[in-house]
Each structure stands twice: as C-alpha cells, then as structure tokens.
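A look at the structure
Each chain, letter by letter, is given below.
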Amino acid sequence: MSRTDTSYRGRFAPSPTGPMHMGSLIAALASYLDARHYHGEWLVRIEDLDPPREMAGSANLILKSLERHGLHWDGEPLWQSNREAAYEQALLALEQQGLLFHCDCTRQKLGPNGSCRGHCLPRQAEVGQPCALRVRVPDDTALQIEDLWQGQQQSLLGQGTADFTVKRKDSLYAYQLAVVVDDASQGITHIIRGSDILDSTPRQLFLQNALGYPNPHYGHLPVICNAEGQKLSKQNHAAPLDDDRACDNLRYALAFLQQPVPDDIEDPVALVSRAAADWSRQRVPRVMTIEQH
Ligand code: GLU
C-alpha cells in the first residue's frame, strides 16, 4: 500500500475540546481506512478555532492517541488557529459578491436556531462592533449530495431563515467557513465524518459553490448513541480512550463499522494495515445512529 493516489485525499479534523473517545476513534479510523484502501493520502487538521470550548493540551493528546492507534497521517497537521489570513480572504470574496451582511441583533431579536430575522438589514450602514458577519442565502438555493452511506440528500437551503454566521460577534471564525476554506486549500477530495455533521453539509456546499471550490465526496458515518438517543460526546462524558489498549479499541471500532475484525494481530500499525486492505464501504451500516450500551 505504498503507492498514493493524489485523486484521493481524506482527512480527520478534530476539535481539541478533550481527549479522543470511541466516537472520535470511529471517525478517525473510517476516514483513514477509506483513504488507505483507495491508496489516498490522509491528513489531520486541528480545528482549534474556538478557544473558550477548548481543553488545554488536548490537541497533543489527540495526536498522540492517533499515533498510538497506528493512524499515521501524511504531512504536517494543519492548525486552524494559524489560518486567519485565508479566512479573511474568503470573507472578502463573499463580501465582493454581496453575500455578507453585518448583524448586531441581540439574542432576544434572533429567531429559531439563532437565525437573523432581518432587524439589522435596514441599518447596515450604522451597524457597529461587535457584530457578526452572516451569509445571505438566495431563496431559490437548492443543493443535493449523494452521500456514501446516507444516500441522496436534498436541501432547500434558501427556504425560511437561511442566513448563517461566518464570523462571530466575538470575532471568532465560524466552523462552516473555516472547514470549507481548509478542505479546499488542503485539496481534500473525500470527507468521511460522523452523521452528526450531516446537517451542516448544505451550508458547506453553498460556501464551496460561492467561493468557486470543488465539492468533495461525502460519507457520513453512523454515530454511537445511548438509549436516550444522545450522541456519544465529550459533553455526554464519553470515556477517554485508553491508549494502552489500542488494539482492543481498534477492534471495537471495526466491529461497530461491521468490518472484519483481526483477532490475531497485537500491533496497531499491522492491525490498521490489515483493516485497510479489507475495508469495505458496503459493510458500513447505512443508518444515522447505532445504540450501544
Ligand atoms: N471539528 C469537527 C468536530 O470535531 C469535525 C469537522 C468535520 O469533520 O468537518 O466535530
């Protein structure tokens, strides 16, 4: 598996809000196996854009966990905290197309899901700091993707209150903007990630189209949930992975993805290499969530 094919470049893009847990291992492993099975590259990007949500030291813990699980990335990890110039350039391109507006609406004035009801629109010239930058999505915007596991997804993104934030009132760049700019600049062709991000994808497609970037292929994996239907996450106190049990963790993740589970290998690098050779997209369950106890 030494030959790499530059027509496939995948990535894992964790936010450093805590150490890796089983949910993040599943996303990392599936994106890694899909990339390596198709002789592609696999990059890591640290999405450290939101300091108030971050846990000090967790980016390095995540990188160490990936290595301990035999998930070796190509090149150097990209850190979003160094990417301000690229995000500002993208904002300028959106501004030049008349797609941005300044919003200083207070929380009380915003509508459902934090959308803007347009109170700030007639006052654009007077809107001062602090304000958010939002994208205005034309009413007739309809988007479609063929997801590897969730099938055909149609979105009438332009209907209803469709604006969304690209730079926050606290001056932080929004995830939707940063992810699109960085996926394009890293030349990502395949995005394999959890189904909890599926509903962000239409906003990302909209930005890719507006900025003239190619649309990558998407595969949204089932995510682990508990009996109440809540996704396994740091907020739900998911247990951190024990790096000393890397092979057992990898076997659990492979079983979750319904892949063959090699029980005779005790070296993580050899285990993921076997799993990459055996990887089958067809076996991954085509559902949004899987309950685990
Ligand atoms: N940084 C996001 C997270 O950790 C994932 C972003 C993505 O894969 O697009 O949830």
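Right above here is the structure, for reference.
Residues numbered from 1 in each chain as written. Predicted model: local features only at pLDDT ≥ 70, side-chain atom pairs only at ≥ 80, totals over all residues. Heavy atoms only, no water.

Checked against the element boundaries, Q80 lands in the loop between β3 (78-79) and α3 (84-96). Owing to a relative accessible area of 2%, Q80 belongs among the buried residues under this scheme. A distance of 2.9 Å separates a polar atom in the side chain of Q80 from a polar atom in the side chain of D182. (Helix = DSSP H or I, 4+ residues; strand = E, 2+ residues; numbered from the N terminus. Buried < 20%, exposed > 50% of the residue type's maximum accessible area, 1.4 Å probe, protein only. Polar contact = N/O pair within 3.5 Å; in protein donor to acceptor, adjacent residues only side chain to side chain.)

Here three strands make up an open sheet; going across it, the order is β4-β5-β8 and the pairing antiparallel. Looking at strand neighbours, the two that pair on one side only are β4 (100-103) and β8 (164-167), the edges of this open sheet. Pairs of neighbouring strands in the sheet enclose a mean axial angle of 45 degrees, with direction left out of account. Where β4 meets strand β5 (residues 132-135), four bridges bridge the pair, whose relative direction is antiparallel. Among the inter-strand pairings, F101 is bridged to a residue of β5, identified as R134. (Pairing = 2+ DSSP bridges. Axes fitted to C-alpha atoms, helices over the stretch in contact; angles between N-to-C directions.)

As a matter of local geometry, the ligand sits amid R11, A13, P14, S15, E47, Y175, V179, R193 and I197. At 2.8 Å from a nitrogen atom of the ligand is found a side-chain nitrogen or oxygen belonging to S15. Measuring from a nitrogen atom of the ligand, one finds a side-chain N or O atom of E47 at 2.6 Å. Coverage of the ligand by the protein chains reaches 77% of its 300 Å² of free accessible surface. In terms of residue class, the shell around the ligand is built from five nonpolar, one polar and three charged. (Near = heavy atom within 4 Å. Areas by Shrake-Rupley, 256 points an atom, 1.4 Å probe, with all protein chains shown as cover. Nonpolar A, V, L, I, M, F, W, Y, C, P; charged D, E, K, R; others polar.)

This paragraph deals with α3. Taking 1.5 Å of rise per residue, the 13 residues of α3 would be expected to cover 18 Å, and the 18 Å separating its terminal C-alpha atoms lies within 8% of that figure. Taken together, the buried positions of α3 are A86, Y87, A90, L91 and L94. The arc that holds the buried residues of α3, viewed along the axis, is 140 degrees, so those residues lie on one side. Along α3, exposed side chains directed more than 90 degrees from the buried face belong to A85, Q89 and Q96. Along its buried surface, α3 packs onto β4, β5, β8, α4 (175-185) and α5 (201-211). Of the residues one or two after α3, G98 is the one with positive phi, at around 70 degrees. (Expected span 1.5 Å × (residues − 1). Arc of directions from axis to C-beta. Contact = heavy atoms within 4.5 Å.)

Position of R136 relative to the elements: it lies in the loop between β5 and β6 (143-147). Residue R136 is classed as partly exposed on the basis of its relative accessible area, which comes to 40%. In sequence terms R136 and G158 are 22 residues apart; their C-alpha atoms lie 8.8 Å from each other. R136 has contacts with L99, F101, L121 and F206, leaving out every residue within four places of it along the chain.

Let's shift gears to the layout of surface pockets. When its volume is computed, the second largest pocket comes out at roughly 260 Å³. Taken together, 17 residues line the second largest pocket, and the ones lying closest to its centre are M22, L232, A239, L241 and Y252. Counting only elements with at least two residues in the lining of the second largest pocket, the list comes to β11 (223-225) and α6 (246-256). Its residues placed into classes, the lining of the second largest pocket shows nine nonpolar, five polar and three charged. (1 Å grid on protein atoms, 1.4 Å probe; cavity = no way out; pocket = protein on both sides within 12 Å on 5 of 7 lines; lining within 4 Å. Points joined across faces, edges and corners; volume = space filled by probe spheres on them.)

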